[in-house]
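The residues making up each chain are set out below.
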Amino acid sequence: MHKILLTALTLLIIPGTILAQELAAQIDALIPKLADENIEARYAPQMAFRDLASVAGRPGAEAERKAFVGILLERLASDKTPQPVKVWFVRELEHIAKGESVDTLGKLLASDDVELREVARRALEKNSDPAASKALLGAMERHDVVWQSGVLNALGERRADDATPSITALLGDAELQSAAASALGHIASKESVAALHGAWDGAEGPFRQALCNAMVEASYRLPEVQANDLCDFLFNAPETPVATRIAAWTRNYLANPTYEDLLAGVQHQNLAISGAAVRAAAGDEASTVKLANAMARMDKTVQVRILGLLGDQGTPEAAVDALVNASESGDADIRRAAIRAMETSGGANIANALLKYAAAGDRDARRALTKLQGDEAQAAINAAIRATGDTDDPKIRVAAINTLTDRNVPDASGLLIQILSDEKNADVSRAAMGVLGKIASGKDIPPLIQLSEKNPRAIGSLRNAANRASDKAAATQAVLGSLAKFDGKARAAMLKVLPVLGDEAGMKALAEAGDGDAMRALAEWPDGRAVPALLENARNAELSDGEHVTIVRGIIRLLPGAKMKPETKVANIGDLLAAARNQDIRKQVVTLYGDIAHPSAAAPLVDVIQKGAFKDEANLAALKLGEVLLKQKKKDPVASLATAILETKPTGELEKKAKQLQKRAK
Amino acid sequence: MKMTRRNFISLSASAGVALPWIVPGRALGLNDETAPSNRINMGLVGMGLMMNGHHRTMLGKDDVQVLAICDVDANKRKVGVQRTEQAYAKKSPSGTWSGAEGYNEYEKIVERDDIDAVMVITPDHWHAPISLAAMKAGKDVYCQKPMTLTVREGRLMSDCAKRYGRVFQVGSQQRSNWAFRKAAELVRNGYIGKVHTIYTRLGRFPAPQNFNPQPIPEGFDYDRWLGPTPWYPYNIERVKGNYGGGWRRFWEYGSRKNGDWGAHHFDIIQWALGMDDSGPVEFIPAGYKDNKYQTHIYGNGTKVHRKDDGGLFENHMIEFQGTEGTVGVSRGNRLSTNPVELRDIPLGSKDVRLYDSHEHQANWLECIKTRRDPICTAEIGHRTSTICHLSGIAERLKRPVKWDPDKELVIDDDAAERQTDRPRRAPYGLV
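Quick caveat: nothing in here was measured; it's all calculated off a predicted structure. (Residues numbered from 1 in each chain as written. Chains lettered and ligands numbered in written order. Predicted model: local features only at pLDDT ≥ 70, side-chain atom pairs only at ≥ 80, totals over all residues. Heavy atoms only, no water.)

Enquirer: Can you lay out the overall build of chain B for me, pointing to particular residues and giving the numbers?
Expert: When you go through chain B residue by residue, the secondary structure sums to 14 helices and 15 strands. Expressed as a percentage of the 431 residues in chain B, the buried residues total 67%. In the form shown here, chain B has an accessible surface area of approximately 15000 Å², with 51% of it arising from carbon and sulfur atoms. Here chain B contributes 60 positive and 52 negative side-chain charges, whose respective centroids are spaced 2 Å apart. (Helix = DSSP H or I, 4+ residues; strand = E, 2+ residues; numbered from the N terminus. Buried < 20%, exposed > 50% of the residue type's maximum accessible area, 1.4 Å probe, protein only. Areas by Shrake-Rupley, 256 points an atom, 1.4 Å probe, with all protein chains shown as cover. Lys, Arg positive; Asp, Glu negative; His and termini not counted. Charge placed at Lys NZ, Arg CZ, Asp CG, Glu CD.)

Following this line, the structure appears as structure tokens:
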């Protein structure tokens, strides 16, 4: 590519004759390769040729394009140029040729070579010179039906008006009449449309369809009066298929939209036409409003479709009452369509209607409530949440509260905390607490602590808020500062907020507290910093067995990932084994040796194996440790681990793996 | 209330759940005043790799009746008919059912008055001819992505769907996925600030190549498989439909990876940027001057780079970079954000909410009944496909292509403009 670009740049600054010589040399060099007997070998030169053509055809290089095309035309006229080369030359002429190429390409249309004349037809179809149409028209009568239909397509694409009489003559040809009709539709002149009209009577099947398609196509290109008459004809002719009637109606309506025409279309007895008419109102707010306000008097299906239109576009203010009325319909389909249309709307009226339906259990209404847009809708929802009067329905309040999970309302958590501070209704409280847990964040921690003092169930929301807090240190201080106000289960729950925050001050406070609840919380710490304090308390005889097990399991979870020297970890495992109160927990501790990827873990593990107390767990840990150490190329400890395992006389898979380990350690 | 057309659209169809309401057959108004039943009578065209899932899904829908199968390979056609009949036989009280017809020519499905809708799951070069014929005969259409082979085909198809009042769904099913919708909503609503750079990875196909001729297998209508594309000798490598190459590697039948994964990911990018009725203004091929990656640029300067060498945010398929954050999104409902809190943030009452569909085919079926717009209309599919094709044209020309998305014309490059459509091999023109 760079070579070609460089060549192109060079060519820009050299005189025309030399330029042509240079191009000719490059093209001629490719000719034998483009005709290589091995078809697969032709691909690379084809791409190289395409690149040359692309450079020659670039914007602002007309002289170069002319020179390049001129060379191709010369080669195309020569009998010496092989057929595959000519095909590729013409394929590129499709993209860059202009009037200078028409004569040569026109001659190729007469070729007996099907491939060559087809690429020539394509190139002429794309040629901007009007003479190309004449060349194509001249080739219409040649060859076979497939060829003729290709020429017809090309003439149609070119909107070759002069070809109309010749094409019209083919409307009576059973094999070509559909292609002819299509071409006449593209030409879309007064004469071509008259020809289509002339073929209308008696047309059947695919030809009837082709005439319809052509007339609709022409209607979008004709002057307005003619187009309107043509579509009136299509719409009213008894032979016209309904799809074409829709297209005819739509064109005429959109060209001159009046509400009277729209209403007539919408109320048409054919529901397919009616449906299309409803859709034609899309984007026209005034007509949409009129339709919405008139829909109650219409057929049910039409109502559903108008409601669909409102749903797709959003409901204009002036149609809101009609939408709300429809949502109260006794017909389930209309009601559902109305509620679904409300999804894309907003405003207080719609919000209040949806709250009522949601409170009654309507899932579509609940969904729509989460999507309502605009400040007015949100204000209505907030007002419903605050409505604590005797006549206010708690179910509506619950429905309103539940929307806050899926709506990004800046002060939503504050509102819920405020409600919860003295809420009397249990259902409302439950809903508010549930939503609060999902949306509370760091800024809510102080008021949530206050709320928790009154209602310990709020501590769950506090934990969630702690998880989302960005300033963990400040949140920790707030929790620590409040601990004195909690006791019993509430204090235990508050302590478990501290590991969620993971701040150093919280960890220290738990370690210093040292009681069972604090240790339970410490055992949930998110990282290995808690290991020393937990280990210290694992030895605390004052703690219950349950608390002891919780602590040891906390260490087992945290130790492998703890940021401390491997030797320290190994020592900690030894200490933990000594502190563990029963065999089951010791078995779990032994497995930890397998998780310390360091040679220092080998000797104590061998010792455990040799003592024979936890044979299965120790052997598996030894295998795991051995594999890791082998990757570190620490063969000596691996050998001792493998020997220790084999001395326990294992069987089956364990024996096999231990022997493999031993072999690899040599 | 101020409205915008697409921003407010939100319509769902829940996967695996019965449609919320079935409009009576009379109300469907499909081909005429009466429909034969509540069911949508379906024709399937193109029984290759991609149709497998669609076929299975349609056979499992109670509101769909598959009546016609079309493929140019007699064996695939036969298997398709058998599979259809066996599936319905299992549901039939008599244990038998034999109402599916197989066709070599799609025209025979289009001509049937009892067919309401057609799924076009063929190679790309057949999408427009079949879809246009079907819509003009009054059928609703589900068309595999990319919607088109050329830019002009897309304009024709979008106009046709509007003119004929058809429900047309493009198979860009990523739009019916939570993560992609959420990503697009975060970007659209400015949660990561002003988006300046977007990366996406599309992968690569083997280069196109010429193949030596092979005998055409019996029962395979190769001429019709080629359809409107230029004639080449048959070779199995040219026509096979595997994901790693086959016909997908050739420019003649598509836009290679730009039309393959690009049709999915560019589509999501268009959605996120609010460009469903517009598009980029410039396409730069990889390797042009200092451009390492294929790039397209929107009018506001936002750049989209095709970065196939990896390194996207959290190894995602698409990465949106904004002045205040990053969003990454992939298949499998994977969504990552920076800051992380954005991932689960609900939308505010003033935020744009995008069309909410949970299941792409069900969304189409529901819209056939309600006549509402589906989630990925022909206009959307056309605008996305335009990106695929113009990227391909720039790649072939090895120079940037400037584009006017309003006029839908290449600016000052006749050779590029000519390639926005392709002449068609007779007798396979567009209707």
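More follows now that the structure is in view.
Enquirer: A description of the packing of aromatic side chains should follow, citing residues and the corresponding values.
Expert: Residues and elements named next belong to chain A. Using the criterion set out here, one finds 14 aromatic pairs over all chains in the structure. When the centroid spacing of 5.9 Å and the interplanar angle of 25° are considered together, the rings of Phe49 and Phe68 count as stacked. Residue Phe49 is found in helix 3 (residues 43-56), and its partner Phe68 is found in helix 4 (residues 62-77); the two are separated by 19 residues along the sequence. A relative accessible area of 0% places Phe49 in the buried class. (Phe/Tyr/Trp six-rings, centres within 6.5 Å; stacked < 30°, edge-to-face > 60°.)

Enquirer: Go over the side chain of B:Arg425, please, and point to the residues and values.
Expert: Tracing the sequence through the fold places B:Arg425 in the segment after helix 14 (414-418). In this structure the side chain of B:Arg425 is engaged in a polar contact, spanning 2.9 Å, whose partner is the backbone oxygen of B:Thr229. In contact with B:Arg425, other than residues within four places in its own chain, are A:Glu118, A:Arg121, A:Arg122, B:Asp223, B:Leu226, B:Gly227, B:Pro228, B:Thr229, B:Pro230 and B:Trp231. (Polar contact = N/O pair within 3.5 Å; in protein donor to acceptor, adjacent residues only side chain to side chain. Contact = heavy atoms within 4.5 Å.)

Enquirer: Describe the sheet that holds strand 15 (residues 409-410) of chain B, and please don't skip the residues or the numbers.
Expert: Residue and element names in this part refer to chain B. Reading across from one edge, 13-12-11-7-10-9-8-14-15 is the order of the nine strands in this open sheet, with mixed pairing throughout. On the outer flanks of this sheet lie strand 13 (334-338) and strand 15, each paired with one strand and no other. Direction of pairing for strand 14 (residues 401-404) relative to strand 15: antiparallel, over a ladder of two bridges. Bridge pairing in strand 15 links Asp404 to Leu409. In the packing of helix 13 (residues 378-397) onto the sheet, contacts are made with strand 8 (282-284), strand 9 (294-297), strand 14 and strand 15, and the angle to strand 14 comes to roughly 150°. (Pairing = 2+ DSSP bridges. Axes fitted to C-alpha atoms, helices over the stretch in contact; angles between N-to-C directions.)

Enquirer: Go over helix 33 (residues 504-513) of chain A with me, naming the residues and quoting the values.
Expert: Residue and element names in this part refer to chain A. Residues Gly506, Met507 and Leu510 constitute the buried set of helix 33. Projected down its long axis, helix 33 shows its buried positions confined to an angular sector of 100°, all on one face. Those residues of helix 33 that are exposed and aimed more than 90 degrees away from the buried face are Lys508 and Glu512. The inward-facing, buried residues of helix 33 abut helix 30 (472-482), helix 31 (488-495), helix 32 (497-501) and helix 34 (516-522). Directly beyond the C-terminal end of helix 33, a positive phi value near 70° is found at Gly514. (Arc of directions from axis to C-beta.)

Enquirer: Tell me about the nonpolar core, and please be specific about residues and values.
Expert: By size, the foremost hydrophobic cluster in this structure holds 332 residues, and its most contacted members are A:Phe68, A:Ile167, A:Leu354, A:Leu605, B:Met42, B:Phe168 and B:Phe320. Non-local contacts of B:Phe320, meaning those with residues more than four positions away in its chain, are made with B:Val187, B:Ile192, B:Thr197, B:Ile198, B:Ile268, B:Ile269, B:Ala272, B:Gly325, B:Thr326, B:Val327 and B:Val329. Ranked by size, the runner-up nonpolar core spans 15 residues in total, among them A:Met47, B:Val72, B:Phe220 and B:Phe250. (Core = buried A, V, L, I, M, F, W, Y, C linked by side-chain atoms within 4.5 Å.)

Enquirer: Provide a residue-level description of the interface of chain B and chain A, including the pertinent values.
Expert: At the junction of the two partners, chain B supplies 80 residues and chain A supplies 89 residues. Carbon and sulfur atoms supply 47% of the area buried between chain B and chain A, which totals about 7100 Å² over both sides. Inspection of the region where chain B meets chain A yields ten salt bridges. Of the charged contacts, one joins A:Asp312 and B:Arg372 as a salt bridge, the two residues approaching to 3.0 Å between their closest N and O atoms. Counting across the chain B and chain A interface gives 35 residue pairs in polar contact (both at pLDDT 80 or more). Mapped onto the side of chain B that touches chain A, the elements with two or more residues apiece are helix 1 (25-28), helix 5 (127-136), helix 6 (151-163), helix 12 (360-370), helix 13 and helix 14 of chain B. Considered class by class, the residues forming the side of chain B that touches chain A number 34 nonpolar, 16 polar and 30 charged. (Buried area = accessible area lost by both parts, 1.4 Å probe. Salt bridge = Lys/Arg side-chain N within 4 Å of Asp/Glu carboxyl O. Nonpolar A, V, L, I, M, F, W, Y, C, P; charged D, E, K, R; others polar.)

Enquirer: Mind laying out the pattern of salt bridges, listing which residues take part and the relevant values?
Expert: For the coordinates displayed, the defined rule picks out 79 salt bridges over all chains. Close ionic contact of B:Asp414 with B:Arg418 constitutes a salt bridge, the shortest N to O distance being 3.1 Å. Taken together, the residues B:Asp414 and B:Arg418, both in helix 14 and four residues apart, mark about one turn of the helix. When its relative accessible area of 6% is taken as the criterion, B:Arg418 is described as buried. The network of salt bridges with shared partners includes A:Glu343, A:Arg367, A:Lys371, B:Arg181, B:Glu185 and B:Asp356.

Enquirer: Before we move on, could you go through the sheet that holds strand 5 (residues 140-143) of chain B and cite the residues and values that matter?
Expert: Residue and element names in this part refer to chain B. The six strands lie next to each other as 3-2-1-4-5-6, forming an open sheet whose pairing is parallel. Since the sheet does not close on itself, it has two edges, and those belong to strand 3 (101-103) and strand 6 (168-170), each with one partner. Adjacent strand axes in the sheet meet at a mean angle of 20°, parallel and antiparallel pairs treated alike. Strand direction decides the pairing type here: strand 4 (residues 117-120) and strand 5, joined by four bridges, are parallel. Bridge pairing in strand 5 places Ala117 opposite Asp140.

Enquirer: Give me the lowdown on the packing of helix 7 (residues 114-126) of chain A against helix 9 (residues 145-157) of chain A, citing residues and values where you can.
Expert: All names here are of chain A. At their nearest, the axes of helix 7 and helix 9 sit 9 Å apart, and the two run at 15° to each other. Our classification of the angle between helix 7 and helix 9 gives roughly parallel. Read as a crossing pair, helix 7 and helix 9 show a hand that is right-handed. Contacts between helix 7 and helix 9 involve Arg117, Glu118, Arg121 and Glu125 from the first element and Trp147, Gly150, Val151, Ala154 and Glu157 from the second. Looking at the contact of helix 7 with helix 9 residue by residue, the class counts come to three nonpolar, one polar and five charged. (Parallel < 35°, antiparallel > 145°, perpendicular 65-115°, else oblique. Left-handed = near helix turned anticlockwise from the far one by under 90°.)

Enquirer: Could you give me a rundown of the environment of B:Ser92, with the residues and numbers involved?
Expert: All names here are of chain B. Following the sequence through the fold, Ser92 ends up in the loop between helix 3 (74-91) and strand 3. Taking relative accessible area as the criterion, Ser92 reaches 19% and is therefore assigned buried. Within the local environment of Ser92, its side chain forms a polar contact with the side chain of Ser94, the two groups lying 2.9 Å apart.

Enquirer: Any details on the pairing of strand 2 (residues 64-70) of chain B? Residues and values, ideally.
Expert: All names here are of chain B. Where burial is concerned, most of strand 2 is hidden: seven out of the seven residues are buried. Looking at chain direction, strand 1 (residues 40-45) and strand 2 are connected through six bridges and run parallel. Across the sheet, Asn41 pairs through a bridge with Gln65, a residue of strand 2. With respect to chirality, the unit in which strand 1 leads through helix 2 (residues 51-59) into the neighbouring parallel strand 2 is right-handed. (Right-handed = clockwise from strand over helix to strand, strands pointing away.)

Enquirer: Break down the side chain of B:Arg77 for me, citing the residues and quoting the values.
Expert: With respect to the secondary-structure elements, B:Arg77 resides in helix 3. Buried and without a salt bridge, B:Arg77 has B:Asp71 as its closest oppositely charged side chain, separated by 6.0 Å.

Enquirer: Mind laying out helix 25 (residues 394-402) of chain A, listing which residues take part and the relevant values?
Expert: Since the α-helix turns once every 3.6 residues, residues separated by three or four places project in the same direction. Taken together, the buried positions of helix 25 of chain A are A:Arg397, A:Val398, A:Ala399, A:Ala400 and A:Ile401. The N-cap of helix 25 of chain A, judged by a side-chain oxygen 2.8 Å from the amide nitrogen of A:Lys395 a few residues on, is A:Asp393.

Enquirer: Which residues make up the environment of A:Trp88, and what values go with them?
Expert: If you trace the backbone, A:Trp88 turns up in helix 5 (residues 83-96). Taking C-alpha positions, A:Trp88 is 11 Å from A:Ala48, a pair spaced 40 residues apart along the chain. Non-local contacts of A:Trp88, meaning those with residues more than four positions away in its chain, are made with A:Gln46, A:Met47, A:Phe49 and B:Tyr232.

Enquirer: Let's hear about the pairing of strand 12 (residues 325-330) of chain B: which residues, and what values?
Expert: Residue and element names in this part refer to chain B. Burial runs high along strand 12: six of the six residues are buried. A two-sided burial pattern is seen for strand 12, the buried positions comprising Gly325, Val327 and Val329 on one face and Thr326, Gly328 and Ser330 on the other. One ladder, built from five bridges, connects strand 11 (residues 318-322) with strand 12; its direction is antiparallel. Within strand 12, the residue paired with Phe320 across the bridge is Val327. Taking the residues between adjacent antiparallel strands as the criterion, strand 11 and strand 12 are bridged by two residues. Summarising the sheet, strand 12 and strand 13 pair through five bridges and their orientation is antiparallel.

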